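If you want the building blocks of each chain, they are given just below.
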Amino acid sequence: MTSSRRHLLGGAAALAAAWVSGARAAEVDLNLPGGGGVRPLITDYPQKGAMILQRTRPPLLETPFEVFDEGTFTPNNRFYVRWHWAVIPTEVDVNAFRLEVKGHVNAPLSLTLRELYNLPRVELAAVNQCSGNSRGLFQPRVPGAQWGNGAMGNAKWVGVRLRDVLDRAGVRAGATVVRFGALDQPVVQEGPDFMKSLALDHARDGEVMIAYLMNGEPMTLNHGFPIRLIVPGWFSTYWVKALNSIEVLDGPDENYWMKTAYRIPDTPGANVRPGQTGFGTVPINHMVPRSFVTNLRDGAGLPMGAPAPLRGIAFGGSTGVRAVDVSTDGGASWQPATLGPDEGKYGFRRWEAGFTPTARGEARIMVRCTNNDGLAQPAEPNWNGGGYMRNGIETTSVRIG
Amino acid sequence: MSFQNFCYGIVAVAGISLALFGKSPPAPPAPYPPTPEALRFAAAEAAYPFHNASIELPAGDRQFQGPGAEVANANCLSCHSAGMVLNQPPLSRAVWEEEVRKMRTAYHAPVAEADVEPIAKYLASLPRP
């Protein structure tokens, strides 16, 4: 069945459910271990198509997984949404808006959007993935947003180089860190304003971008209008939305969102045993490889002997995809998948592999991405108490009959 | 006044007449075809991505239910709607207490110390899968 057809059927089921219950349009089961994965599928969120509702305010909206079967790029209206504080910029006056560049610089700037727009324009494809994507799949379970695998998306971003903006202000000797602030605000006055920072060398690498277009369209307010930071290869917590402040520091950033929140164990793969203590932590940073089957759902049925080609997406994290391998026998044997066009090393890469079921019963389909640094997804899923950076090999179980 | 400016003047007067008197003959053709630069500028303007924008976001009307829910409704819903709390996996009362304390200490939620334990007790009592 094609994904669009499945989609249509899903829509019909949604309508039928609404007809019967008279209330909720539809539900999605994220199949979280131990249960509790049923979420409403909503279609009335402003500027969004059908989305999985994790929380209304501030919004946590997850991309229904079948969207990832539809293409390399995730449509803006299906792209996941995540805000920390409920005071979200819901109205922006583009003439009054200023991007402040301040701190340890020679000439502080207060840039209009027009001035920013007139800087050299750059473009790249990159995956934006929440640090806690797939947290709901952790075993044992951990508190936090109980995402399935849909807190990620791939888009083509257009904007200006952060380096060009920093160079305009002139970074002073002794500067080490660049901190980013935004229009969103804490609900409580004393609450920690959302800010993130990057090392100066990273901020000036020529890839970190201040974007104003997402998949060819102006950024919507849900995704950080008028401008947001793009940090290719790094988790989305750094991709500050509604960016309005760039502050150059001459020492470490001690703010809550760097010092306390979004910390991972300083261990390989951010992996620890439940209950383990005595390890250090670091701010979460670059992403690691992941891959998924997108044309089969867990529990699907396939007929014996009929070709059932597999396809999906992969991404390398902080670098491109070197290889995707597929197993249809629970990891006993692996075959290389055929990779689709390379749309940029930080983006999704599509893959395909042949499969003709030859034995009745359950088939465990696994997919493994190896990135250009030679880093492959681990066989065992990593675990940490924050529910961050999950990237173990995924298994889709299907019934052959 | 150059010939070109003179022509612009005529076009402007025609435009004003059009605005004032409604119907008028079709506008005369522009004196010169637009230059490539002008075309590029027009295209860039059309694509200029920054225009005033606003959005109205839903607040979420779900309430905590059942015995003990009042203290959660009174304390939790000013910063966030109930959904994510209700989606949590089974967590012990001690873990819930930690979570509520984090709201107080890290996020400065105005939760009275006396309310911390009742909130944690209520959240731990909710049926979860």
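The structure reproduced in this document is the subject of the present report. Note on numbering: residues in each chain are counted from 1, in written sequence order. To label them, take the chains in the order written and letter them from A, then take the ligands in the order written and number them from 1. In view of the model being predicted, local features appear only for residues whose pLDDT reaches at least 70, and side-chain atom pairs are presented and counted only at 80 or more, with totals across whole chains, interfaces and linings using the full set of residues. Excluding hydrogens and water, the side-chain figures rest on all heavy atoms present in the structure.

A few points about the packing of aromatic side chains
Pairing of aromatic side chains requires ring centres within 6.5 Å, counting the rings of Phe and Tyr and the six-membered ring of Trp. Pairs whose planes differ by under 30 degrees are stacked, by over 60 edge-to-face, and all others tilted. Per the counting criterion, the structure on display carries 22 aromatic pairs over all chains. Centre to centre, the rings of Trp85 of chain A and Tyr107 of chain B are 5.7 Å apart; their planes meet at 80°, and the pair counts as edge-to-face. Separated into two different chains, Trp85 of chain A in the loop between strand E5 (81–82) and strand E6 (91–92) and Tyr107 of chain B in the loop between helix H5 (93–105) and helix H6 (113–125) make up a pair that spans both. Considering the side-chain rings of Tyr256 of chain A and Tyr107 of chain B, the 5.3 Å spacing of their centres and the 75° angle between planes classify their relative orientation as edge-to-face. You can see Tyr256 of chain A sitting in helix H5 (residues 256–259) and its partner Tyr107 of chain B sitting in the loop between H5 and H6, one on each of two chains. Burial status follows relative accessibility: with a 1.4 Å probe on protein chains alone, a residue under 20% of its type maximum counts as buried, one over 50% as exposed, and anything between as partly exposed. Take Tyr107 of chain B: its relative accessible area is 16%, and that puts it in the buried class. Taken together, the ring pairs connect Trp85, Phe194, Tyr256, Trp257, Tyr262 and Tyr388 of chain A together with Tyr107 of chain B into an aromatic cluster. Throughout this description, the term charge over a ring refers to an Arg CZ or Lys NZ atom that lies within 6 Å of the ring centre and within 35 degrees of the ring normal. Stacked on the ring of Trp83 of chain A, the Lys or Arg Lys241 of chain A has its end atom at 4.5 Å from the ring centre. Positioned over the ring face of Trp334 of chain A is Arg368 of chain A, at 4.3 Å from the centre of the ring. Counting from the N terminus, the helices are DSSP H or I runs at least four residues long and the strands are E runs at least two residues long.

A few points about the side chain of Glu394 of chain A
Relative to the helices and strands, Glu394 of chain A is located in strand E27 (residues 394–400). By definition, residues are in contact when any of their heavy atoms lie within 4.5 Å. Leaving out residues up to four positions away in the same chain, Glu394 of chain A has contacts with Asn149, Arg290, Ser291, Phe292, Ile365, Met366, Val367 and Gln377 of chain A.

Some points on the sheet that holds strand E4 (residues 60–62) of chain A
Residue and element names in this part refer to chain A. DSSP bridges decide pairing: two strands pair if at least two such bridges lie between them. With antiparallel pairing, the 5 strands of this open sheet are ordered in space as E1-E2-E3-E4-E5. Two strands in the sheet have a free side with no partner beyond their single neighbour: strand E1 (26–29) and E5. Judged from the 2 bridges that link them, strand E2 (residues 38–42) and strand E3 (residues 51–55) form a sheet pairing that is antiparallel. When the bridges of E3 are listed, Ile42 appears paired with Met51.

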